[in-house]
Amino acid sequence: MMLDAGAVKPQYWLDEALTMQKKLLQGIGTMISLQDVDVDLTPKELVFQLDKMRLFHYKPMVANPVPVPLLIVYALVNRQYMMDLHQERSVIRTFLEQGLDVYLIDWGYPDQSDKYLAMEDYIDGYLNDAVDAIRKSSGLDKINLLGVCQGGTFSVIYSALYPGKIRNLVTMVAPIDFSTNDGLLYSWSKYLKIDNLVDAFGVIPGDFMNLGFLMLKPFQLSLDKYVGIIDNLDNPDAVRDFLSMEKWIFDSPGQAGEAFRKFIKDLFQENLLVQNKMELGGRVVDLQKIDMPLLNVFAEQDHLVPPASSRPLNDLVASKDKEIIHFPGGHIGIFVSSSAQKKVAPAIARWLADRSAPEEKKVPGKKESTRSKSSPVSQTGDGVGRDGRSD
Amino acid sequence: MGEEGTNVWDSWRQYQERLMDTWNSSVSALWSDGSDGEKGTKTEKDREMWQQWWKVQENYYKAWQDSIKNFQADKSLLNPLADSSKIPVQMYQDWLKAIQNSLGLYTSLVPDPVARDAMDKMARSFNMYSSLALLWENFFNDGTVGGEKENGPAATIKKWQENYFKVLTEYFTFGLPEGFADIVKKSGEIAVIYQQNLTDLFKPWIASSPDLQEQFFHVLSGDREAWLTFLKNWQKIYQQSYGKLLNIPGIGPTGNLAGKMLASFDSYVQYVSSLNGFLAGIYKTGFDAMEGLSRKMDELRAQSKAPASFKEFYDLWWRNNEETYLQLFKTESFGRMFSEMVDAGARLKKRFNDVMASVLSLWPIATQKDMDSVYKSIYQLKKDHRSEARKTEELLDRLKRLEEKLNGREVG
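Our subject in this report is the structure included herewith. (Residues numbered from 1 in each chain as written. Chains lettered and ligands numbered in written order. Predicted model: local features only at pLDDT ≥ 70, side-chain atom pairs only at ≥ 80, totals over all residues. Heavy atoms only, no water.)

1. Observations regarding the pairing of strand β8 (residues 166–172) of chain A
Residue and element names in this part refer to chain A. Of all 7 residues in β8, 7 are buried; the element is thus mostly enclosed. By the bridge criterion, 6 bridges tie strand β7 (residues 143–148) to β8 in an arrangement that is parallel. In the sheet register, L145 faces β8, and the bridge partner there is L169. In terms of handedness, the path from β7 via helix α4 (residues 150–161) over to β8 forms a crossover that is right-handed. (Buried < 20%, exposed > 50% of the residue type's maximum accessible area, 1.4 Å probe, protein only. Helix = DSSP H or I, 4+ residues; strand = E, 2+ residues; numbered from the N terminus. Pairing = 2+ DSSP bridges. Right-handed = clockwise from strand over helix to strand, strands pointing away.)

Okay, structure coming up:
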C-alpha cells in the first residue's frame, strides 16, 4: 500500500469541515424559525370512524369530480400522510386536481388493547366498513380502490373477497409474491420466529419495524443523508422537505400482534396468497375472483418491495383490462419525487377516470369496463413505463 | 511554528470569526423588528430566548478564544505544528468536541421536536464526518497517526486501523451508524431492563447482605452457578424475613416463582450468547469493510484516480461500508443469526413477564395477564357487536327494499 500521496494539505479538509460547521450553524437558525413541521395539509373531513380507524373525505378541487369515488388504503406500517407530505409534493392533491373524489383510511396507532386485532378485522372489518360507508354516501354499488404497499396487499385480498364492491383496483408498490429474495426484508422474514415475538410484545413496537427498514441501507439512511442535508441547510425549502420526510420516517405505529403474525406466516414465510391458499375469516382468498380492471404500479429501484414481488399480480388475476406502470425510482420516491408527482399520480388519475364513467344499466354480454370520453382528467404525456396491457 | 502552519492557524481563526459574523447576522434577522412576519418569531418569549441564546453563544466564543490563547502560550503544545503540513490531532479533536458541545446547546433551542431530532443527527453525522477527515489526512499525508511516526507501512496501517475503530466507535455504536446500531441497542435494552428489574426485585435483601451483593454481581455477568447459589442464600434470608411475615405457601424459591426465575435466567444467558454471536459477525464485517476500502484505495491510486477531496473519500468510504454490510445481510447465515438474536430477546421478555406476573400476583395489582384477559374480552365483544350490527343493517336494507317494492306495486 502506498502512503506517500502527500498532495492533500490540511487546509483542504479543514476548509471542508469549517464550511460544514458554518452551514450547521446557519441551519440551526433555519430550524429555530420553524415552529412546526406541517404535513397532511390538504383539506379533508372525517366521515366515518370505527375504533381507531378513521375515514377521511378530501374536499374535491374540481366542479364535477370523477363520479366513482376512490378509497386509498395505506399500509399499517408508517402513516398515510406520505401521500400528502406537503402541498407541492402531494399525491392526494394531484389526484384532486386531476378530478378524483378521494377518501383515505387512517389506521391510527394501535396500543396493547389492540393486540388481538387480526388481519380479518382489518380487511373484513375496518376496510369493508369503510368501503360500505362510501358506497352508502355515494349511492354506488362499486367504488375505486387504491392500495399502497401493505395496503395494496390488503386491497388485493379485499377485491378477491368482495369483487362486487370494487369498480377498479390500483395497487402501488404492493408486495404480492413473497417467494423472491430480492429484498432483505423478504430473506430475513423467512427466518423470523414470529410467535415468540408476538407473544412477548403483543403489539410489535413501531421502532422495531422502523429500525429494520433502516438496516436496509444503514450508512445512507443513518449517516449520509444527514451529511448531505447540511449542504442545503441555508435553503428553507430543502430543509422543509427534509424535515417532512424525517417526521414521516420516524412516525411509526406499532403493529397489532395477531395481524402481524398472519402477515409474516401466511405471506412472507408460506407465500399463500399467490397460491390461492390463503384463508381469511374462514374463506379462501382466490385471486381469480379479481376480474375488475387492474392497474399495478411499482418502482423499478424499490429496495423494500422489489418489482419481483409486485409484478406477478397481473398474471394471477382474471381481469381482462389490466396494466402495469413502472417508474424509475424507489419505494418512497414514487410518491414524493418531483418527477413522480408529474408522471405517476397523473397517470393513475387518468387511468381511473377513463374507467369511471357513471354506472349504466348492465346489458347482458356487454363488457363491464368502459372508457370515459369526457374525462375531466387533463390529457398530458405521462412519461412512465407501461406493459402487460390486454383489453 | 512553520510559516505554513501559522497560515493554517490564522486561516482557521479567521474562519471562526467570519462564521460568528454570519451566524450573528443571519440569526439576528429572525428577531429584528420588521423581520419576516411569516416566521412568527416576534413574541417576547422568543426575544428572551434569543437574548439568552446569544449570551451563551458569546460566552462560548470568549471561552473558546481564551482556550486558544492558552494553547498558543504553551510552547510545548506547539511542537506538532512545527511540521507545517499537519494540524495536531488532539487540537483538532478538542475543537470538534467544542463544536459538538455548542451544537448540542443550540440544538436544544430548536422548538420543533422533529427539527430538533434531525439537527441532533446532523450534528453527530458532522462529527463523524470530521473525525473521518482526520483519519484521511493521516492516511494520506505521511502515515502519521496520532502525531507519532511509525516505522514502515505495515506498522502505519496497523496503527491507522486501530485509530479507525477508535474514532468510529466514538460516534458509532459497534462501528455502525446510530440508527442501525439501535437495532442492537434496542434488543440489548431487554437485557438491561431485565437486569434492572432483577436488581429492584432483590434490592431489599441485597442491601442487607454483602454476600448476596457479591453473588448478585456474578449473577448479572451470566454465571448460572452463582445464580443457583444466590437463590439458595436468598431463600434462607427471605424465609427469615418477608416469607415468615407473609407466611404465604409457595412463594419461596422452591415454589412457582423460583422456577420462573430460573427459566428467565436461562433465557437471559441464551440472549447474551446470541447477542455476542451477532456482534462478532458485525465486528468482523467492520474489519472487512476497512480492508476492502484499503484495497480500493490502492487500486484507485494505481490508476491515478484517488479521491481528490475529502468529500470524495467520504463517499467512497460510506458506499464501501454499505456494500460490505449489505453483502453480509444478504447471507442466509446472517438471516438466521439475526432471527435467533431477536427470538432470544423475545423469549427473555416472555420469561421475565412470567416472573413479574408471579411477583405481582401476591398483591392487588393487575398483571399483564389480567389486562390481556380484559383486552381479549373487549375485543370479542366488539367483534360480536359489529357482526350483529352488520346483520341488523342488512336486514333493515332488505326490509326497506321490500317496502319499496310493495309500495311500488300498490302505486302501480
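2. So, the pattern of salt bridges
Residue and element names in this part refer to chain A. Applying the stated rule across the entire model yields 34 salt bridges over all chains. E97 serves as the salt-bridge partner of R93, at 3.2 Å between the closest nitrogen and oxygen. Residue R93 and its partner E97 are both found in helix α2 (residues 91–97); the two are separated by 4 residues, about one turn of the helix. Here R93 falls in the partly exposed class, since its relative accessible area comes to 24%. Among the salt bridges present, the one from K262 reaches D266, with a minimum N-O distance of 2.6 Å. Here K262 pairs with D266, and both are found in helix α10 (residues 257–269), just 4 residues apart, close to one helical turn. The exposure class assigned to K262 is partly exposed, which follows from its relative accessible area of 23%. (Salt bridge = Lys/Arg side-chain N within 4 Å of Asp/Glu carboxyl O.)

3. Re helix α3 (residues 119–138) of chain A
Residue and element names in this part refer to chain A. An ideal rise of 1.5 Å per residue puts 28 Å on 20 residues; α3 measures up with 27 Å between its terminal C-alpha atoms. Largest kink in α3: about 30°, centred on N128. Of all 20 residues in α3, 14 are buried; the element is thus mostly enclosed. Remark: G139 follows α3 within two positions and exhibits a positive phi of approximately 75°. (Expected span 1.5 Å × (residues − 1). Bend = angle between axes of the 7 residues up to and from the residue.)

4. Things to note about the nonpolar core
Residues A:L71 and A:F95 are the most contacted members of the largest nonpolar core, which totals 149 residues. With 10 residues, the single largest contributor to this core is helix α12 (residues 310–329) of chain B. A domain split of this core shows at least three residues from each of domain 1 (3–26 + 43–174) and domain 2 (183–360) of chain B. Apart from residues no more than four positions distant in its own chain, A:F95 is found in contact with A:L70, A:I72, A:L100, A:V102, A:L146, A:A345, A:I348 and A:A349. By size, the runner-up hydrophobic cluster in this structure holds 22 residues, among which are A:I28, A:V37, A:I230 and B:M119. (Core = buried A, V, L, I, M, F, W, Y, C linked by side-chain atoms within 4.5 Å. Domains from an automatic or database assignment. Contact = heavy atoms within 4.5 Å.)

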